[in-house]
Protein chains: 2
Amino acid sequence: MRSILQLRVPQIDGGESQLSGLNVEPSAEGSPVAIRFRDPQIEMAHGAGGKASRRLVEGLFAPLLYPGSQEPLNDAAHLDIGGARIAFTTDSFVVKPLRFPGGSIGELAVNGTMNDLAVSGAQGRAMVVTFVLEEGLAAAVLEAEVRAMSEALKRAGVVMTGGDTKVVERGKADGMYITTAGIGTPLNGVKVDARSVRPGDRILLSGPIGDHGITILLARGELDFEADLSSDTRSVFPLVEALAMECGPGIRWMRDPTRGGVATALNELARDSGLGIELFEEEIPMHDAVRGACELLGLDPLHIANEGQFLAVVSPEYADMAVSALQQTAGGEESRIVGQVCIEPANAVLVTTRYGGSRIVDMLVGDPLPRIC
Amino acid sequence: MRSILQLRVPQIDGGESQLSGLNVEPSAEGSPVAIRFRDPQIEMAHGAGGKASRRLVEGLFAPLLYPGSQEPLNDAAHLDIGGARIAFTTDSFVVKPLRFPGGSIGELAVNGTMNDLAVSGAQGRAMVVTFVLEEGLAAAVLEAEVRAMSEALKRAGVVMTGGDTKVVERGKADGMYITTAGIGTPLNGVKVDARSVRPGDRILLSGPIGDHGITILLARGELDFEADLSSDTRSVFPLVEALAMECGPGIRWMRDPTRGGVATALNELARDSGLGIELFEEEIPMHDAVRGACELLGLDPLHIANEGQFLAVVSPEYADMAVSALQQTAGGEESRIVGQVCIEPANAVLVTTRYGGSRIVDMLVGDPLPRIC
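These figures come from a predicted structure and were not determined experimentally. (Residues numbered from 1 in each chain as written. Chains lettered and ligands numbered in written order. Predicted model: local features only at pLDDT ≥ 70, side-chain atom pairs only at ≥ 80, totals over all residues. Heavy atoms only, no water.)

Draft legend 1. A look at the packing of aromatic side chains. Counted according to the given criterion, the structure contains four aromatic pairs over all chains. Where Phe 131 of chain A meets Phe 61 of chain B, the ring centres are 4.7 Å apart and the plane angle is 10 degrees; that geometry is what we call stacked. One end of the pair, Phe 131 of chain A, is in strand β5 (residues 122-134); the other, Phe 61 of chain B, is in helix α2 (residues 51-65), on a second chain. Judged by relative accessible area, which is 0%, Phe 131 of chain A ranks as buried. Taking the relative accessible area as the measure of exposure, Phe 61 of chain B reaches 0% and is therefore buried. Between Lys 166 of chain B and the ring centre of Phe 93 of chain A, over which it is positioned, the NZ or CZ distance is 5.5 Å. (Phe/Tyr/Trp six-rings, centres within 6.5 Å; stacked < 30°, edge-to-face > 60°. Helix = DSSP H or I, 4+ residues; strand = E, 2+ residues; numbered from the N terminus. Buried < 20%, exposed > 50% of the residue type's maximum accessible area, 1.4 Å probe, protein only. Lys NZ or Arg CZ within 6 Å of the ring centre and 35° of its normal.)

Draft legend 2. Molecular detail of the packing of helix α4 (residues 139-156) of chain A against α2 of chain B. Close contact between α4 of chain A and α2 of chain B brings their axes to 8 Å; oriented N to C, the two are set at 25 degrees. Our classification of the angle between α4 of chain A and α2 of chain B gives roughly parallel. Taking contact as the criterion, the partners of Leu 142, Glu 143, Val 146, Arg 147, Met 149, Ser 150 and Leu 153 of chain A in α4 of chain A are, on α2 of chain B, Leu 56, Leu 60, Phe 61, Leu 64 and Leu 65 of chain B. Its residues assigned to classes, the contact of α4 of chain A with α2 of chain B shows nine nonpolar, one polar and two charged. (Axes fitted to C-alpha atoms, helices over the stretch in contact; angles between N-to-C directions. Parallel < 35°, antiparallel > 145°, perpendicular 65-115°, else oblique. Contact = heavy atoms within 4.5 Å. Nonpolar A, V, L, I, M, F, W, Y, C, P; charged D, E, K, R; others polar.)

Draft legend 3. Local environment of the pairing of strand β11 (residues 311-314) of chain B. Residues and elements named next belong to chain B. Of the two faces of β11, both are covered, the one formed by Leu 311 and Val 313 as well as the one formed by Ala 312 and Val 314. Bridge count between strand β8 (residues 202-205) and β11: four bridges; the pairing is antiparallel. Its bridge partner being in β11, Leu 205 is matched across the sheet by Leu 311. As judged from the four bridges shared by strand β9 (residues 251-255) and β11, these two strands associate in the antiparallel manner. Note that in β11 the partner of Arg 255 across the bridge is Leu 311. (Pairing = 2+ DSSP bridges.)

Draft legend 4. How the structure looks around the UniProt feature "domain: PurM-like C-terminal" (unreviewed entry) in chain A. As recorded in UniProt, the sites labelled "domain: PurM-like C-terminal" (unreviewed entry) are residues 198-342 of chain A. As annotated, residues 198-342 of chain A comprises 36% helix and 17% strand, and the C-alpha atoms at either end are separated by 8 Å. (UniProt positions renumbered as here; feature names shortened; annotations may be inferred.)

Draft legend 5. Highlighting the sheet that holds strand β1 (residues 77-81) of chain A. All names here are of chain A. Spatial ordering of the open sheet is given by β1-β2-β7-β5-β6, a layout of five strands whose pairing is mixed. Since the sheet does not close on itself, it has two edges, and those belong to β1 and β6 (159-168), each with one partner. With direction set aside, neighbouring strand axes in the sheet form an average angle of 25 degrees. Sheet topology note: the strand β2 (residues 84-93)/strand β7 (residues 176-186) ladder contains seven bridges and is antiparallel. If you follow Phe 93 over to β7, its bridge partner there is Ile 178. Here α4 sits on the sheet in contact with β5, β6 and β7, set at roughly 175 degrees to β5.

Draft legend 6. The arrangement of the sheet that holds strand β10 (residues 276-280) of chain B in detail. Residue and element names in this part refer to chain B. With mixed pairing, seven strands are arranged side by side in an open sheet as β9-β11-β8-β12-β10-β13-β14. Where the open sheet ends on each side, the last strands, each with one partner, are β9 and β14 (358-360). For this sheet, the mean inter-axis angle between neighbouring strands, taken without regard to orientation, is 25 degrees. Helix-sheet contacts for helix α6 (residues 237-247) involve β8, β9 and β11, and the interaxial angle to β9 is about 175 degrees.

Here it is as structure tokens:
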């Protein structure tokens, strides 16, 4: 559960001594940090994972909180600490409603953070959690979410090591907001870096897109139609692990296309690599209910959030092996190659159809589906 | 910034293999986990760090999220991961108002989490942050808090390595809630464990109590009096480090008395150690404004939150050296011995006066000052 809104993570590759070295003012020597975030106030779009989120992260958070980092932002930081290399990440969850077909906020809070570690090339090991609870929340509702977290932790093989609880007055916090942070250990031989991507590399997708976002939309009951659809929330680590085992050196980049969807994740890749991405429209797996809802609502499924899928870029000689590894892993049966990396159009994502049509798909603009995670 | 509300942290002392071992259902083998949290709904007191918080943590969170752990809960988990020993902790911040004399939510969010690491006997190294922002929040207000975080990070010598941003509708978040998680490296030779505390050990306090809680109360403007008081928010690591350098082996236990105050922290120690704590009332440093406000409002200063103080239990032979080490460190000038560990009253805190008076002080009950951090 990353996406653009993740203030993403300068991969701090320095050793512990470099971390200590940073004690001496990591940022500008006395000069004020330039801020370029010019929006006068926060809008829902700043939390949507698209362009507005990116402006906020790059214009305000990054210059002040990650001064001096020139690395592409990533799903989790990998850092050397105390002589070990660990991955570290965090996410907040404000999904509305708290429960929906296929999952709930508690499950998302575990899977989302573990998935950020997974697509950074790490196995989640330990997690901490904080709850901001609304005064008056029924204890049974809270218990259901704590149980959902407990089950998700067991399935992921991750231990919870601590947490915190705050309570705010009635009317605030919609029942609860949950924040998790996770640490993990890097998978041997896997390096995720947009700058290592090359023209000709293949784009893999682990399964059908849009299920989570459309499920949340329908669960709110604001629309007049129903569909047999449920969220895809799950841990993607077993799939990432299978991919790493079979073709670790062939993996160039991974990401879970949450807020902002596949289109936003791939636009970020295009930008960070300076290359173009060609997506083969017919190859993108999608349930009919998602396609139908998007047509009715005028949404692009490529902008709809997923919670249990991931994208990977693999070098061409590993592509068949990668698809095969994923398809043979439970939950990866619908994996396929959905595109390739090109020189042109640089910094952009081009969707092509079998019959020669094509269109440029930008990052998400605005926030058509707020608070989906 | 811990306190009871911290779902406190089973100190997982196992190596990485044990962490992996936990993949195989760390909790009850197939049997449902017994939950004893019987409150029907969440009240403000569940976030106050006192008895209600403890019921929530011990009756609901711990059985489900930390199954099998028998360790006393602590300010940060220390765990072996990837061959290194690291400390790991988290806290959410919902203080109201966002800015107050002496500090602001952004500064608290950095110092609070770093202080939890410090009093667990670790030096903070890296941090992640999430923001839950309210739609309509002025960008200038957000920028001020991000700058406050940036300054606090520089002072603490800690790097931010990632984050996340969510936006919720107007009215849902009081401007912003901030959550941080931190990792650190253990200080050599320091072991914090309530079970190592012995009768005759001395209780050290780093400075005057109650400044933070009373400052927040006054900053809300709901009372008819003013005082020249500001929050004590700061990193306590330099003091902890000085103590560790001079008398590391003499340190038995440390805690920062945030929500619930000194009385709650020491009641927890009494309970976890099975011993009694005697506090010498006249020795407890306190500003007149805090004493006066507490008298007017019928509050016990021992229950008021602090953000820049810590308690330490040291073995008697190290006591003088410990006080001296703290007093010679900037910001520790008012450190002193404020009590001692006794066999009786077991599991309780007894406050004695020079003239022979005494009273038992319990943990905080209810929530007289909500949302002070």
